[in-house]
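# Examining the three-dimensional arrangement
Listed here are the chains, written in short residue letters.
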Amino acid sequence: MVEEIVVACVATASAGLVYLAAAARVVKQYERGVVFRLGRLAGNVRPPGFTMIVPVVDRIRKVNMQIVTLPVPAQEGITRDNVTVRVDAVVYFKVVDAANAVIQVEDYRFAVSQMAQTSLRSIIGKSDLDDLLSNREKLNQGLELMIDSPAIGWGVQIDRVEIKDVSLPETMKRSMARQAEADRERRARIINADAELQASRKLAEAAGVMSEQPAALQLRLLQTVVAVAAEKNSTLVLPFPVELLRFLEKAQAGQTQPAAPADRLPRPAGNTAPERSDAPGELTADPDGLRPTAAADELPPAAGPGGLDRTAEPDELALTAEPDDLELTVEPDELGLAAGPGDPKGDPPGIFGRDDPADRDVPGGG
């Protein structure tokens, strides 16, 4: 009898242990337990810790309550200004109602992922390219609102949505780079022009001060020379003041030189014949230099044979002055025939030079 009681107690204990093992559940801190009894929701959501269910009758489903990081695949779309872009994002969400997350939606993770992709495409189509690149905070808020609206009924709360990257075509990247370069160049030119304007004003003020004190210009010139010489250059470029040039111009204009007499000035060299001078022994210019020309009344008369006048040939009228190396060549048609003081009949006077041999035979010849 005792043995039967012992066996019954051991069997009961064993059955109790098996039942306890089948009914005991442990819910972690970051989880909540949803119990279904015969397919219906049984009571409230089980908190974290040790809990018991009815074996075979109850089913428990644990729901993670942590914040889930869900990457959204890159979506390609066309912006409002007709630019094709690829945008990817990331969604941070968590379950706030475990029962609804299990009952209202089959798979809340998949549902949130699909909703994020469609909302991202919608945002791309409603936004401009500049907004996608520079105004992302506003787009993130709009995208979060679009995903969070249907997720509230699923027991899911969207914590944050971030657009990670915006991929542009290569042609668009080059165009934007040229635009940015042109804008920076425009700003650089404006800054340079403003600097030139300010510098010109300061230079104008400095010029006004230097005009009142001329010595300041010389001091500034010396400072420039010192600054250039400090570089140890082999060539020194020295600026020349304009005021000094004006001073030299005025000084040159003030110096007046006496004008030479008109009859003393040499004639320009050329193929012109020597001019006749009325003054005895005066020098005139001809193409070969200065040669003496005697006056007509100082030349002795030359008589030809038979009392006839004789005209000297061109080659016989050359006079070479040895002391001064002056040579005179007289053309026959350029000699003026005038009556001498001892010849009332107007015979041609004689000419200094080499006499013709025929002239030396004539009595009374020069």
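Above this note sits the structure.
The paragraphs below set out a description of the structure included in this document.

Rules used in this analysis
Residues numbered from 1 in each chain as written. Predicted model: local features only at pLDDT ≥ 70, side-chain atom pairs only at ≥ 80, totals over all residues. Heavy atoms only, no water. Helix = DSSP H or I, 4+ residues; strand = E, 2+ residues; numbered from the N terminus. Contact = heavy atoms within 4.5 Å. Expected span 1.5 Å × (residues − 1). Buried < 20%, exposed > 50% of the residue type's maximum accessible area, 1.4 Å probe, protein only. Arc of directions from axis to C-beta. Axes fitted to C-alpha atoms, helices over the stretch in contact; angles between N-to-C directions. Parallel < 35°, antiparallel > 145°, perpendicular 65-115°, else oblique. Left-handed = near helix turned anticlockwise from the far one by under 90°. Nonpolar A, V, L, I, M, F, W, Y, C, P; charged D, E, K, R; others polar. Phe/Tyr/Trp six-rings, centres within 6.5 Å; stacked < 30°, edge-to-face > 60°. Patch = residues over 30% accessible without salt bridge, like charges linked within 9 Å, V, L, I, M, F, W, Y side chains within 5 Å. Areas by Shrake-Rupley, 256 points an atom, 1.4 Å probe, with all protein chains shown as cover. Salt bridge = Lys/Arg side-chain N within 4 Å of Asp/Glu carboxyl O. Pairing = 2+ DSSP bridges.

### Here's the deal with the overall build of the protein
When you go through the protein residue by residue, the secondary structure sums to nine helices and twelve strands. Taking as baseline every contact in the protein between residues at least 6 positions apart, the subset at least 24 positions apart corresponds to 60%.

### Describing helix H5 (residues 136-151)
Across its 16 residues, H5 extends 22 Å between first and last C-alpha, which sits within 8% of the 22 Å expected from 1.5 Å per residue. Of all the residues in H5, the buried ones are Leu-139, Asn-140, Leu-143, Ile-147, Asp-148 and Ala-151. Buried residues of H5, viewed axially, fall in a sector of 160 degrees; they line one side. Away from the buried face of H5 by more than 90 degrees, exposed residues Lys-138, Gln-141 and Leu-145 are located. Next to the buried residues of H5 lie strand S7 (84-95), helix H3 (108-126), helix H4 (129-134) and strand S8 (156-167).

### A short note on the packing of H3 against H5
Each pair of packed helices can be summarised by the angle the axes make with each other and by the distance between the axes. It is at 9 Å that the axes of H3 and H5 come closest, and there the two elements cross at 140 degrees. Relative to H5, H3 is oriented oblique. The handedness of the crossing between H3 and H5 comes out as right-handed. For the pair formed by H3 and H5, the contact residues are Met-115, Ala-116, Ser-119, Leu-120, Ser-122 and Ile-123 on the first element and Leu-139, Gly-142, Leu-143, Met-146, Ile-147 and Pro-150 on the second. Class assignment for the residues of the contact of H3 with H5 results in nine nonpolar, three polar and no charged.

### With respect to the packing of aromatic side chains
Within this structure, the stated rule accounts for one aromatic pair. Centroid distance Phe-93 to Tyr-108: 6.5 Å. Interplanar angle 85 degrees. Geometry classified as edge-to-face. Taken together, the positions of Phe-93 in strand S7 and Tyr-108 in helix H3 put the pair 15 residues apart, joining distant regions of the chain. For the pair formed by Phe-93 and Tyr-108, the shared burial category is buried.

### Some remarks on a nonpolar patch on the surface
A cluster of nonpolar side chains, namely Met-1, Val-2, Ile-5, Val-6 and Val-10, defines an oily patch on the protein surface of about 520 Å² accessible area. One can find Val-10 in helix H1 (residues 2-23).

### Some details on the sheet that holds strand S2 (residues 31-37)
Within the open sheet, the three strands sit side by side as S3-S2-S5. Their pairing is antiparallel. With one partner strand each, in any of the chains shown, strand S3 (40-41) and strand S5 (58-64) form the two edges of the open sheet. Bridging between S2 and S3 involves two bridges; their strand directions are antiparallel. Pairing of Phe-36 across the sheet is with Leu-41, part of S3.

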